[in-house]
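Descriptive structure summary
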There are 2 protein chains.
Amino acid sequence: MSSSGSLNPESDSFESRPVFYIGQHDSTRREALTDDQYGQVLSSGFRFVTAPITNQHFFNRVVDLHRDYLKEREQWAQQQGPAAGQQANPSLPAPVVPTLTDKDTSLFPGGYLGSLALYSSPWIDLCSPDPHISSISRQVLNLEAAYANFCGARTIVVPGPRQDDSSRGIAQYARAIREAMHVANRANVIIHMPMYREPGLEEKAETLSSIFNPEKEPEAGDKKEVDLFSAWDSWNTIRSVCSYSMRLFVAIRIPRRVPEKTLQERWFAEPLHYLTISQEIFQLNRAGHPSLSRHHQDLINRYMRLRSIPWLMLCDVGPRPEELATVSDESNAEFPSLAEANQALKENRRPHMSAMNAHVGYMRYLERQQPPFSAMETPALTSFQDWLQPPLQPLADNLESATYEVFEGDPVKYDQYEKAITEAMIEWRELKKPTSTATPENPSSSELVVTVAGAGRGPLVSRALRAAESTGTPIQIWALEKNQDAYVYLLRKNKVEWGNKVTLVKTDMRGWEGPRLKGREDAIGKVDILVTELLGSFGDNELSPECLDGIQNHLARPHGISIPHSYTAHLSPISTPRLFADISSRVVGDPNAFETPWVVRLFALDYVSQKVPDHPRFQQAWEFVHPIDVLRADDFAAVHGKAAKYVTGGLGSMAGASGTNEHNARHCHLTFVCPTRGVIHGLAGFFESVLYASQTGAGKEPVEISILPDQIDRKSRDMISWFPIFFPLKKPLYFPQDTELEVSMWRQTDDAKVWYEWLVEVYAWVGPNTRIKVGTSDLHSSRKVACLM
Amino acid sequence: MSSSGSLNPESDSFESRPVFYIGQHDSTRREALTDDQYGQVLSSGFRFVTAPITNQHFFNRVVDLHRDYLKEREQWAQQQGPAAGQQANPSLPAPVVPTLTDKDTSLFPGGYLGSLALYSSPWIDLCSPDPHISSISRQVLNLEAAYANFCGARTIVVPGPRQDDSSRGIAQYARAIREAMHVANRANVIIHMPMYREPGLEEKAETLSSIFNPEKEPEAGDKKEVDLFSAWDSWNTIRSVCSYSMRLFVAIRIPRRVPEKTLQERWFAEPLHYLTISQEIFQLNRAGHPSLSRHHQDLINRYMRLRSIPWLMLCDVGPRPEELATVSDESNAEFPSLAEANQALKENRRPHMSAMNAHVGYMRYLERQQPPFSAMETPALTSFQDWLQPPLQPLADNLESATYEVFEGDPVKYDQYEKAITEAMIEWRELKKPTSTATPENPSSSELVVTVAGAGRGPLVSRALRAAESTGTPIQIWALEKNQDAYVYLLRKNKVEWGNKVTLVKTDMRGWEGPRLKGREDAIGKVDILVTELLGSFGDNELSPECLDGIQNHLARPHGISIPHSYTAHLSPISTPRLFADISSRVVGDPNAFETPWVVRLFALDYVSQKVPDHPRFQQAWEFVHPIDVLRADDFAAVHGKAAKYVTGGLGSMAGASGTNEHNARHCHLTFVCPTRGVIHGLAGFFESVLYASQTGAGKEPVEISILPDQIDRKSRDMISWFPIFFPLKKPLYFPQDTELEVSMWRQTDDAKVWYEWLVEVYAWVGPNTRIKVGTSDLHSSRKVACLM
């Protein structure tokens, strides 16, 4: 094996796991590589390299400029004497940095420039409290950004702020980045941040601050304790000031000590462009090979699962500029294999080159060690990650056959339905409940009346028939479908598959007259088991409650069963910067984008709340149970114009509406606990449903389906029919540590529509008994994109 | 005097002080007044009354509905037995409240309805944690709001939430108000709040909560300590959820104990529709007449100074319904005078009517006791209160004569200029400084060269001539003006008023060649005293620094003087809900409205920060001093294409710009301290300028002008030329108590424009050494509405 397996399309590791894209950064490099040198680096296993935008000459020139300026100013002040000093301008600005010349850079358009990551000068200090230093720094960044952009750079890497967010300089830094992105109007800008500010990892390089204000430098060093989230906080400020630009990314420096899970998850949700790994992160294993700890491996493996796989940048690993010169005659040599590299290492031949190979080789080894893609990581499914879909309106719109087909492709869901129907049929017999077909003349008639309402292309009809067969239950079965095209399909299926056992009715279930029982065609009967699949990602969001209201008066009382029996909606506040950026970009074309509940396979997110007693990470918003109490059943019939006790002429919740759907309004107020600080962009919504709960006793587990992240594996593993729902916030809502997020949500309705309203309040605990309000979101409402009844 | 003086246009109090508009509210009134009764109330001195929207019949009906519903439900649950109970729907909603009938209200369209303040039922509880109570409450409010709106009501008063903002119910309350405003789509909605939640003032009236959940009531009573800002906090949540609707107002209940100034100021900034005063707030003076304490009087007087004068509503003062019936035969009787009322009181005749008269009479007395309008409260000036004006662009646009005339109408400003020129001329002689007209041949020449740059219609020329005359200083005077139309005016003025003493040049000052001295027409001389009036509300915002850069190379060195010598910009964060609402309403037509620095006579505002050592309420952002140091003078000349040491080909701050104006960029980072919680809507900006500072010693006060609220009276009292500037925030920024607001502001520039950028960060102190970040504004930029150079 002469090259890494993952690059070989024939290898079995190809595309069965994430691919590592490995580059090299040399912090001492002062000039861009020559074509020859670049070729050498590529042939040693790296796929890209960084290049400084400007060189030592430029650095010297800027330092000299400012030194001269300070000197001249001092001289002049002395010449003026103390009397004139009174008149001297106290806020004299910094000198203007002259534009670049060809001596200041070794970068020029063309060649391989587009594939380089251009590195802006690390010696500037945008945060400096010295207005001269910060002004010069900003000018240097702008000069470099503009030139890199002119040359055609795709990527400009900018070293992150040295100070943490509590310092005054971060706003200055963030504004400078925004200005640089305005100047470099095409290139991506990548802020190179530590994952957290690990003690002892401060860069000791020469900077404008260390040259001109050396006495002020120690400040950075005397940190009290490690603040895990301060680097993330700085990043959050930067990207907020840059309005979540889609061209702004972050590169995180992997620390020596892998931090706790909450911080790992935090960065997981951010737009990671690079993971950078310095030479000192590697350790030598017993055989003397570079390797990474198990924690580091896990961290990398986790991030490699992102849809946009971050690139790996090895820092100060690989050939140094002076070494490249010595090997130029071998520039076409084959990249040595891991074995060869090891051999070279043992024999102590060309140690630097061998070392370099070993690091890349090790990363290739890690690449092959990754767990292969699971069934849930097929390209078809991962392509949906963080992809916003407007929710279906199945009640108002007719679905296409292909959409039904997708739904039917989920065996887990239909297996659970079949199980529920089966148990219901068994228990019906066990409890000796009379069926609807029983008459005074024939009290022992035992044909169960089953109705599948909203049959679609018939999957639930097939399952009901199977359940009846397996349990030996005599049934009469009705299937209702409002979609005239699906009805054609059902008619054919009835002939071909179901042996004409099914009575098909083309109708909206809410307008159905009820079953005309066999042998008693004059009379309208009742339904014993009503089966529906009307649930959306948030349970009730596709109007299952309203549809069932319209048909449940046909359910036999008191024994009739609805499958599903009940469903609950659940919420959790999340940080999901990408979705915020995505929705922001849609607002121009879709002014309601921030008030639309989106269906989305949430992936690059951070659940900011923690599991604590009484305040779990996922909390139930509300529940619907079917059938609804008999006491109220008459009320709901009023929807269809019948008299009802409590609603005659009632106004209900909205002007002009009769309040007939008011009983399906809901409200919840939930409290989520966040120990660490962060930002939320919206609420993730999920549902669970009890399809059938045993009526005979407590011993039996209910038959359930769930898309709750902490329940799905237990209740309906590998079920793929539903992605979560996402209720966005118009503005990211920042919260300090020890926060409680109070979520209010309403399911609102008039006679014609259903929509949601949501609001988040932030309260921080600042003492054992003191909780202060620190912020509130807008009240959001999806009324303008409401679900039509 | 048979009627109150302030109603009489002939009286001397008419319009020389704010007018009181006094109404009456009776909390026990259950029906609207009849026309007769209404007439009686009006004739007793009130100008408006409140009327309940619904009556006792409706209240009884709603209570019965819910009682019956609960009873039936319980019975049904018992019938079902424990087995069925398992199936009972746990989240059964509340009954639907039927629409109103003519028995439920005594209000009908027409008549005097438009002048009534309609009061919604005080017995509802929108905040209730009992979902039935809150649902019924919401339905009742919607029924009433819809009906009042239908009848043509202009004003619907809604009792405020009973709980404070830390309770879970406030979001529910706020959402219900938003819904009611949607239902009542024309009427104004007024939330009736206490100024603060004064202990012992809780209403004890019967409510749905007290009827159905009596055990839960005590909660409201057992308050720990008075939280002064909790009522304001609730109001802030309500209006935020209602998106600062222009139809939403607040009525505040004057408390028994007048609270501290900070809370008074807080409410001063809010849209106060009514001040309500309950009977128990009045005290009897020695003569047995109702009166208010001095603190109460001051409070009322202060609020009466608002541009939209709040109406006064006396609660439970005046004839009760049963009393009105007894006096109906006297309904046309004249309203008795204060003297008559007193007489009646002494004789104990018709005690209730007399008491009523006494309260109104006392308020009329207070009306006359108000301090009269000051010179700064002329209608011409008060009409500018909180009125947003886009800033002038005097450099890019030419002003009209009327605009100049307004400027010239401010004697304070020009007196200060004259004083500055006078002092400069005296000192010139005292210090024996050589003038520009001195030549080797004639070294003792003593004609001072004075130039007024941007002369407009010449006010400063007149003042300079006067200063020369009064000090006996021989001068040569130039006046430059770029506006060709103003130039015509100047030519005429020179002939008519100035005796042709002035050399007029039609030029942009930045393009002037310099003075051709008399007797030496071949040579270009220098200017000794340069006088300009280029300052804007924020000092440099009308580009004074840029203009002076363009002319200061003509200033004689080292002795030349610029008047003004220097100017500083100052900031303070403010709460100003009305301006936020106003700007919000403009965004559709003007997408940059929130990134425009507005010139506005700030009035209904609250300075949220407090004066503490090192952190005053008004803080200096930056300073400009003229002339700028000789060392840099060459640089600025580069603007006009000349060679300069530091800028040759310089790129400066922005791509494509040469950086020639970079020296006029500024940045500041200021920290404001807020002990109490609140919300800010933007930054108020001001300026100060030293027109001339004595060069002879420290003993002399500089000649200054200032628009800083805490300095103007000392430095330039009654100066009206400048209103403050307002830098808005896109989103109101809430902050908890013990907060530091960190304000970053930048004056940014490229070669063609100048603009500002601003950002506010919120940090709260939560322990002696712990400061946490709780929020940040967007970075705002006025680049799109930048000042053109």
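Conventions used here
Residues numbered from 1 in each chain as written. Chains lettered and ligands numbered in written order. Predicted model: local features only at pLDDT ≥ 70, side-chain atom pairs only at ≥ 80, totals over all residues. Heavy atoms only, no water. Helix = DSSP H or I, 4+ residues; strand = E, 2+ residues; numbered from the N terminus. Contact = heavy atoms within 4.5 Å. Areas by Shrake-Rupley, 256 points an atom, 1.4 Å probe, with all protein chains shown as cover. Axes fitted to C-alpha atoms, helices over the stretch in contact; angles between N-to-C directions. Parallel < 35°, antiparallel > 145°, perpendicular 65-115°, else oblique. Left-handed = near helix turned anticlockwise from the far one by under 90°. Nonpolar A, V, L, I, M, F, W, Y, C, P; charged D, E, K, R; others polar. Expected span 1.5 Å × (residues − 1). Buried < 20%, exposed > 50% of the residue type's maximum accessible area, 1.4 Å probe, protein only. Polar contact = N/O pair within 3.5 Å; in protein donor to acceptor, adjacent residues only side chain to side chain. Pairing = 2+ DSSP bridges. Disulfide = S-S within 2.5 Å. Core = buried A, V, L, I, M, F, W, Y, C linked by side-chain atoms within 4.5 Å. Phe/Tyr/Trp six-rings, centres within 6.5 Å; stacked < 30°, edge-to-face > 60°. Lys NZ or Arg CZ within 6 Å of the ring centre and 35° of its normal. Domains from an automatic or database assignment. Buried area = accessible area lost by both parts, 1.4 Å probe. Salt bridge = Lys/Arg side-chain N within 4 Å of Asp/Glu carboxyl O.

Some remarks on the overall build of chain A
- A tally of regular secondary structure across chain A gives 20 helices and 28 strands.
- Long-range contacts, defined here as pairs at least 24 residues apart, represent 79% of the contacts in chain A between residues at least 6 apart.
- Entry remark: accessible area of chain A is about 31,400 Å², with carbon and sulfur atoms responsible for 52%.

Quick notes on the packing of helix α3 (residues 131-151) of chain B against helix α4 (residues 169-183) of chain B
Residue and element names in this part refer to chain B.
- Two elements in contact, α3 and α4, have axes separated by 9 Å at closest approach and are oriented at 25°. Classified by the interaxial angle, the pair formed by α3 and α4 is roughly parallel. Considering only the axes of α3 and α4, their crossing is right-handed. Residue-level contacts link Ser134, Arg138, Leu141, Asn142, Ala145, Ala146 and Asn149 of α3 to Gln172, Arg175, Ala176, Ile177, Glu179, Ala180 and Val183 of α4.
- For the contact of α3 with α4, the class distribution of residues is 7 nonpolar, 4 polar and 3 charged.

Re α3 of chain B
All names here are of chain B.
- The terminal C-alpha atoms of α3 lie 30 Å apart, and with 21 residues this matches the ideal 30 Å at 1.5 Å per residue to within 8%.
- Most of α3 sits inside the fold, with 19 of its 21 residues counted as buried.
- Backbone nitrogen of histidine 132 and a side-chain oxygen of the N-cap are separated by 2.8 Å at the start of α3; the cap is aspartate 130.
- One or two residues past the end of α3 sits glycine 152, with phi positive at roughly 100°.

Examining the sheet that holds strand β15 (residues 561-563) of chain A
All names here are of chain A.
- Sheet architecture is open: 5 strands sit in the order β13-β12-β11-β14-β15, paired in parallel fashion. Where the open sheet ends on each side, the last strands, each with one partner, are β13 (502-506) and β15. In this sheet, adjacent strand axes meet at a mean angle of 20° when their direction is disregarded.
- Looking at chain direction, strand β14 (residues 529-532) and β15 are connected through 3 bridges and run parallel. Bridge assignment links valine 531 to a residue of β15, and that residue is isoleucine 563.
- Along the sheet, helix α15 (residues 459-471) contacts β11 (448-453), β12 (475-481), β13 and β14; its crossing angle with β12, the most-contacted strand, is approximately 175°.
- Contacting β12 and β13, helix α16 (residues 484-496) crosses the sheet at an angle of about 165° to β13.

Looking at the state of the cysteines
All names here are of chain A.
- Inspection of the entire model under this criterion finds 0 disulfides over all chains.
- Of all cysteine sulfurs in the structure, the one in cysteine 674 sits closest to cysteine 668, which takes part in no disulfide; the separation is 16 Å.
- Note on cysteine 668: relative accessible area 4%, which makes it buried.
- Of all cysteine sulfurs, the one in cysteine 547 lies closest to cysteine 787, which takes part in no disulfide; the gap is 9.5 Å.

Remarks on the sheet that holds strand β5 (residues 188-194) of chain B
- Ordered by their spatial adjacency, 8 strands build a closed barrel running β1-β2-β3-β4-β5-β6-β7-β10 (chain B), and the pairing between neighbours is parallel. Along the sheet, successive strands turn relative to each other by an average axial angle of 30°, direction set aside.

Observations concerning the nonpolar core
- Met363 of chain A together with Met363 of chain B are the most contacted members of the largest nonpolar core, which has 397 residues in total.
- When sequence neighbours within four positions are dropped, the list of residues in contact with methionine 363 of chain A reads Phe20, Ile22, Ile277, Phe282, Leu292, Ile300, Leu312 and Leu314 of chain A.
- Listed in part, the 9 residues of the second largest apolar core include Ile190, Phe249, Ala251 and Met313 of chain B.

Regarding the packing of aromatic side chains
- Under the criterion given, the structure shown has 52 aromatic pairs over all chains.
- Consider the rings of phenylalanine 384 of chain A and phenylalanine 723 of chain A, whose centres lie 5.2 Å apart with planes at 50°: the pair is tilted. Separated by 339 residues along the polypeptide, phenylalanine 384 of chain A in the loop between α12 (379-382) and α13 (401-408) and phenylalanine 723 of chain A in the loop between α20 (712-716) and β23 (725-735) bring together distant segments of the chain.
- Residue class for phenylalanine 384 of chain A comes out partly exposed when judged on its relative accessible area of 27%.
- The exposure class assigned to phenylalanine 723 of chain A is buried, which follows from its relative accessible area of 13%.
- Between the aromatic rings of phenylalanine 538 of chain A and tryptophan 622 of chain A, the centroid separation amounts to 5.8 Å while the plane-to-plane angle is 75°, which identifies the pairing as edge-to-face. Linking phenylalanine 538 of chain A in the loop between β14 and α17 (544-549) with tryptophan 622 of chain A in strand β19 (residues 619-625), this pair joins segments that are 84 residues apart in sequence. Tryptophan 622 of chain A carries the same exposure label as phenylalanine 538 of chain A, and that label is buried.
- Linked through ring pairs, Phe538, Trp622, Phe727, Tyr756 and Trp758 of chain A together constitute an aromatic cluster.
- Across the ring face of tryptophan 746 of chain B, the terminal group of arginine 175 of chain A is positioned such that the distance to the ring centre comes to 5.4 Å.
- Positioned above the aromatic ring of phenylalanine 268 of chain B, the side-chain terminus of arginine 302 of chain B is 3.8 Å from the ring centre.

Observations regarding the domain arrangement of chain A
Residues and elements named next belong to chain A.
- Structurally, chain A comprises domain 1 (17-82 + 96-212 + 226-319 + 354-372) and domain 2 (563-789).
- Between the C-alpha centres of domain 1 and domain 2 the distance comes to 41 Å.
- Ranking the residues of domain 1 by area buried against domain 2 places Tyr244, Arg266 and Ala269 at the top, with a combined share of 35%.
- The tally of links between domain 1 and domain 2 comes to 3 salt bridges.
- For arginine 677, the salt bridge is made with aspartate 233, and the minimal N-O distance between the two is 2.5 Å.
- Linking domain 1 with domain 2 are 7 residue pairs in polar contact (both at pLDDT 80 or more).

Focus: the pattern of salt bridges
- Per the stated rule, a full pass over the model turns up 70 salt bridges over all chains.
- We note a salt bridge from arginine 516 of chain B to glutamate 513 of chain B, for which the minimum N-O separation is 3.0 Å.
- On the accessibility criterion, arginine 516 of chain B (37% relative accessible area) is partly exposed.
- Its relative accessible area of 44% is what places glutamate 513 of chain B among the partly exposed residues.
- When salt bridges with common partners are traced through the structure, they connect Arg138, Arg175 and Glu179 of chain A together with Glu662 and Glu757 of chain B into a single cluster.

Section: the side chain of asparagine 301 of chain B
- The residue asparagine 301 of chain B is located in helix α8 (residues 294-303) in this model.
- If near-sequence neighbours (up to four positions away) are discounted, asparagine 301 of chain B is found in contact with Gln370 and Pro371 of chain B.

What to know about the environment of valine 452 of chain B
All names here are of chain B.
- Residue position: valine 452 is located in strand β11 (residues 448-453).
- With 12 residues separating them in the primary sequence, valine 452 and alanine 464 have C-alpha atoms 8.4 Å apart.
- Other than its neighbours up to four places away in sequence, valine 452 contacts Leu460, Val461, Trp478, Ala479, Leu480 and Val531.

Topic: the side chain of histidine 780 of chain A
- Mapped onto the elements, histidine 780 of chain A comes out in strand β27 (residues 780-781).
- Using a relative accessible area of 1% as the deciding quantity, one classes histidine 780 of chain A as buried.
- Only 2.8 Å separates the side chain of histidine 780 of chain A from the backbone nitrogen of lysine 730 of chain A, close enough to count as a polar contact.
- Excluding anything up to four places from it in sequence, histidine 780 of chain A contacts Phe594, Glu595, Pro728, Leu729, Lys730, Tyr756, Glu757 and Trp758 of chain A together with Arg178 of chain B.

Remarks on the environment of leucine 605 of chain A
Residue and element names in this part refer to chain A.
- Relative to the helices and strands, leucine 605 is located in the loop between β17 (598-599) and β18 (606-607).
- Of the residues examined, leucine 605 reaches a relative accessible area of 6% and is grouped as buried.
- C-alpha separation for the pair leucine 605 and tyrosine 734, spaced 129 residues apart in sequence, amounts to 15 Å.

With respect to the environment of glycine 775 of chain A
- With respect to the helices and strands, the residue glycine 775 of chain A is situated in strand β26 (residues 770-776).
- Taking the relative accessible area as the measure of exposure, glycine 775 of chain A reaches 8% and is therefore buried.
- For glycine 775 of chain A and arginine 364 of chain A, which are 411 residues apart along the polypeptide, the C-alpha to C-alpha distance reads 47 Å.
- Sequence-distant contacts of glycine 775 of chain A, that is, excluding residues within four places in its chain, are made with Val760, Glu761 and Val762 of chain A together with Tyr734 of chain B.

Focus: the pairing of strand β6 (residues 248-253) of chain B
Residue and element names in this part refer to chain B.
- Burial within β6 is extensive, with 6 of its 6 residues counted as buried.
- Every second residue of β6 is oriented toward a common face, with Leu248, Val250 and Ile252 on one face and Phe249, Ala251 and Arg253 on the other, all of them buried.
- Summarising the sheet, β5 and β6 pair through 6 bridges and their orientation is parallel. The residue bridging methionine 193 from the neighbouring strand is isoleucine 252, located in β6.
- Of the pairings in the sheet, the one linking β6 to strand β7 (residues 272-278) comprises 4 bridges and is parallel in character.

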